[in-house]
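Coordinates in review
What follows is the residue order along each chain.
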Amino acid sequence: MFVPLTPIRCLHRAVDLFGKDIGVVSGDKQFTYAEFGERCERLASGLAAEGIQPGDRVAYLSFNTNELLEGYYGVVQARAIVMPLNVRLSPMELVNILNHSGARMLVFENDFLPLIEKLRPQCPAIERYVTTNEKTPAADLTYGELIDKGHSGRTDIFEIDEHSVAELFYTSGSTGTPKGVSLTHRTLYLHALSVGGLFTDTDTMVDLHTIPLFHANGWGRPQASTMLGVKQIMVRRFEPSGVFKLIEEHRATHMSLVPTMANALLNAPDLAQHDLSSMRQIMIGGAAASPELIERVETAFHCECFGGYGLTETSPVLTSARRKRNIGDTGAERFRRHAMAGWPVPGVRVRVVDPDMNDVPRDMEAIGEVVAMGDHIMEGYFKEPGATAAVMSGPWFHTGDMGVWDDDGYIHIVDRKKEIIISGGENISSLEVEKAIFAHPEVFECAVVAAPHEKWGEVPVAVVVRKPGSGLTSDALMEFLQERLGKFKLPRVVEFTDEPLPKTGTGKIRKLQIREKFWAGKEKRVQG
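Here is a short report on the structure shown in this document. (Residues numbered from 1 in each chain as written. Predicted model: local features only at pLDDT ≥ 70, side-chain atom pairs only at ≥ 80, totals over all residues. Heavy atoms only, no water.)

1. Examining the pattern of salt bridges
Put simply, the rule is: By salt bridge we mean one thing: a side-chain nitrogen of Lys or Arg within 4 Å of a carboxyl oxygen of Asp or Glu. Burial classification: accessible surface area is computed with a 1.4 Å probe over protein chains only, and a residue below 20% of its type maximum counts as buried, one above 50% as exposed, and the rest as partly exposed.
The tally for this structure, following the rule as stated, stands at 29 salt bridges. In this structure, R351 and D359 form a salt bridge, with 2.8 Å as the shortest nitrogen-oxygen distance. Judged by its relative accessible area of 12%, R351 falls in the buried class. On the basis of relative accessibility, which here comes to 40%, the residue D359 falls in the partly exposed class. Connected via shared salt-bridge partners are E333, R336, R337, D406 and D408.

Next comes the structure, spelled out in structure tokens:
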């Protein structure tokens, strides 16, 4: 029998098997899975009543809330495409994304009212603005009014095309312009099965959603947790003391962190004042971790901690550094293994290859590009067939990350082929920052590279050549950039030089040569 694969089936399973259990906790609100499922159904029909058609994009500008999580099912049940936005982006960046996607509705929290006022006149395709909070003149209706227009009732999953797009996430790419990653119903369901298969003791599991759901490492878990009836706790905004209190209050057992979050928790002054004994597993993703970080997390939380690897384009999980039988599992070797990208999860194949797509030796020394094939790979970049073709070799997706591997299938990321800076788990395109700098009338040329940073892992630094006679200062340039880039993308250091930047014979700037200055003495070129 053919039954379409769709994440809606994850919700149906939760309602059918765990309907009386508390499924979602968001601030002072909590919902059983039956209640949560009904809200998603009412959202779906409410969207239809507001004119949302199959294939329409519904954008969200929100921190982690139950309303955002409901969008993952309600929007999809309406056969529309849910599109969570990175709340850290600048107004100009959001305008470009919203206009490129053609989103017809924007659901937002009132925290973002100043931003909404800037978006409205520049995003003509958006027909309806919906606030999840109290009524405001900037919104056409409230979320409560939206779902009140709907009714309970399941969609017929046999009418769903499993190959249609269900979710759209914009991620920074090597071109410097964010690209929309299209994930289909089929891809998302198979990813949920794969990730859910790694969960253990789900009857007592409590999943703490610490990472924003607009982030690749955040939205990769909810479908799996829903499918297995796991209690999900929404962390609206990450703050160490608040996370500790939620762990205590709800006896949370699992959470995912990017390295900067882990460091913040470890260095919080009240760490020892809370009962964190319920924690069983912490996964580190979004950026490279170090063995030292893994060990410190395990010591502080008295639980298992390991790394993982994936991209927005891969739904996101490709590998995890979970335990593997017959592999050294004691002392320093265990921490070294757990800090790696790890070995493939079910449903995907991962290789490390040379430029001709031949496997490099599995000796943890020969460096190649990490490529992947399988159920988790995106449908493509939204409206960009050329960009999609550029990252595919037949069925193999090119990650742009450079790594080494061994006979046991463990992957270790050592560098990045793409010029993406990963700061605090956020992707920053060096080319995007360069374009913003070059827009200043007194800049002759520039290069932006990653420099190691103790707290953020990596930060962007800029090397700038001014035009003759210019008196441009670092402060003046930063003021110029603040109008064009999200705060987290701003260079932490601006160095001016009177010498031309080093270039190749074809005139390309030798960024690796510039970058090396900041990484001298480091063992590897990815900071964890």
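Don't stop here, the text continues.
2. Focus: the environment of T226
Keep this limit in mind: Runs of E in the DSSP output that reach at least two residues are strands. Runs of H or I that reach at least four are helices, and both are numbered from the N terminus. Whether two residues are in contact is decided by their heavy atoms, any of which lying within 4.5 Å being enough. In protein, a polar contact means a hydrogen-donor-capable atom and an acceptor-capable atom, both N or O and within 3.5 Å, with residues adjacent in sequence counting only if both atoms are side-chain atoms; elsewhere, any N or O pair within 3.5 Å suffices.
Tracing the backbone shows T226 in helix 9 (residues 222-227). With 143 residues separating them along the chain, T226 and M83 place their C-alpha atoms 19 Å apart. Not counting residues within four places of it along the chain, the set of residues in contact with T226 comprises C10, L11, A14, Y33, Y73 and Q232. A polar contact is formed between the side chain of T226 and the side chain of Y73, at a distance of 3.0 Å.

3. Observations regarding the layout of surface pockets
Operational definition: A cavity, in this analysis, means grid points on a 1 Å lattice covering only the protein atoms where a 1.4 Å probe fits yet has no way out; a pocket is instead an open set bounded by protein on both sides within 12 Å along at least five of seven lines, and a residue lines either one if it has an atom within 4 Å of a point. Grid points are joined across faces, edges and corners, and a volume is the space filled by probe spheres set on the points. Gly is put with the polar residues, along with every residue not named as nonpolar or charged; the nonpolar set is Ala, Val, Leu, Ile, Met, Phe, Trp, Tyr, Cys and Pro, and the charged set is Asp, Glu, Lys and Arg.
A volume near 950 Å³ is recorded for the second largest pocket. Residue lining of the second largest pocket: 33 residues in total, with R88, F238, M261, G424 and W456 positioned closest to the centre. With 4 residues, helix 11 (residues 259-266) is the single largest residue contributor to the lining of the second largest pocket. Along the lines of polarity and charge, the residues of the lining of the second largest pocket split into 15 nonpolar, 8 polar and 10 charged.

4. Some details on the sheet that holds strand 13 (residues 281-284)
To be explicit about the condition: Only strands that DSSP links by at least two bridges are regarded as paired with each other.
Read across the open sheet, the 9 strands follow the order 2-1-11-10-12-13-14-15-16; overall the sheet is mixed. Two strands close off the open sheet at either side, each with one partner strand: strand 2 (29-32) and strand 16 (343-344). For strand 15 (residues 317-320) and strand 16, the ladder comprises 2 bridges, and the chain directions are antiparallel. Looking at strand 16, one finds that S320 is bridged to W343.

5. Description of the environment of D161
Looking at where D161 falls in the secondary structure, it is placed in the loop between helix 6 (143-148) and strand 8 (165-171). Sequence separation of D161 and D329 is 168 residues, and the distance between their C-alpha atoms is 44 Å. A distance of 3.0 Å separates a polar side-chain atom of D161 from the backbone nitrogen of H163.

6. A look at the side chain of T142
With respect to the element layout, T142 can be found in strand 7 (residues 141-142). The contact partners of T142, leaving out residues within four places of it in the chain, are V130, T131, N133, E134 and K135.

7. Observations concerning the side chain of T155
Tracing the backbone shows T155 in the loop between helix 6 and strand 8. There is a polar contact of 3.4 Å between the side chain of T155 and the side chain of R79. For T155, the residues in contact, after removing those within four places along its chain, are I8, H12, Q77, R79 and I160.

8. Focus: the nonpolar core
To keep it simple, the criterion reads: In this description, a nonpolar core means a group of buried Ala, Val, Leu, Ile, Met, Phe, Trp, Tyr and Cys residues linked to one another through side-chain atoms lying within 4.5 Å.
Counting 75 residues, the largest nonpolar core has F36, L47, V58, Y60, L318 and I411 as the members making the most contacts within it. Aside from chain neighbours lying at most four places away, what touches L47 is I52, G74, V75, A78, M105 and L146. I81, V95, A462 and V464 belong to the second largest nonpolar core, which has 58 residues in total.

9. Observations regarding the pairing of strand 26 (residues 457-466)
Inclusion rule: The handedness of a crossover follows from its direction of travel: if, with the strands pointing away from the viewer, the path from the first strand over the helix to the second runs clockwise, the crossover is right-handed.
Burial of strand 26 is extensive: 9 of the 10 residues sit out of reach of the surface. Relative to strand 26, strand 25 (residues 443-453) runs antiparallel, the two being bridged by 10 bridges. Bridge assignment links A447 to a residue of strand 26, and that residue is V463. Counting the residues between successive antiparallel strands, the hairpin from strand 25 to strand 26 contains 3 residues. Pairing of strand 26 with strand 27 (residues 493-496), which is carried by 4 bridges, proceeds in the parallel orientation. If you follow V461 over to strand 27, its bridge partner there is V493. Crossover strand 26 to strand 27 through helix 16 (residues 474-481) is right-handed.

10. With respect to the packing of helix 1 (residues 8-18) against helix 2 (residues 33-49)
Selection rule: Note on method: axes are straight lines fitted to C-alpha atoms, helices fitted across the in-contact stretch only, with angles between N-to-C directions ranging 0 to 180 degrees. Handedness of a crossing follows from how the near helix is turned relative to the far one, being left-handed for an anticlockwise turn of less than a right angle and right-handed for a clockwise one.
At a closest axis distance of 8 Å, the pairing of helix 1 and helix 2 adopts a crossing angle of 145°. In this structure, helix 1 crosses over helix 2, and the sense of that crossing is left-handed. Counting all contacts with helix 1, which are made through L11, A14, V15 and F18, the residues of helix 2 involved are Y33, A34, F36, G37 and C40. When the residues that make up the contact of helix 1 with helix 2 are grouped by side-chain class, the tally is 8 nonpolar, 1 polar and no charged.

11. Regarding the packing of aromatic side chains
Convention followed: Centres within 6.5 Å are what make two rings of Phe, Tyr or Trp a pair, Trp counting through its six-membered ring; a difference in plane orientation under 30 degrees is then read as stacked, over 60 as edge-to-face, and the rest as tilted. Look at NZ for Lys and CZ for Arg. If either is within 6 Å of the ring centre and within 35 degrees of the ring normal, a charge sits over the ring.
Per the stated rule, a full pass over the model turns up 2 aromatic pairs. A centroid spacing of 6.1 Å and a plane angle of 85° characterise the contact between F36 and Y73, whose relative ring orientation is edge-to-face. Note that F36 is positioned in helix 2 and Y73 in helix 3 (residues 66-77), a separation of 37 residues in sequence. A centroid spacing of 5.1 Å and a plane angle of 40° characterise the contact between F63 and F112, whose relative ring orientation is tilted. One end of the pair, F63, is in the loop between strand 3 (57-61) and helix 3; the other, F112, is in the loop between strand 5 (105-108) and helix 5 (113-119), and 49 residues separate them in sequence. Accessibility classification places F63 together with F112 in one group, the buried group. We note R322 situated over the ring of W343; from NZ or CZ to the ring centre the distance is 3.7 Å. Positioned above the aromatic ring of Y410 is the side chain of R337, whose terminal nitrogen or guanidinium carbon lies 4.4 Å from the ring centre.

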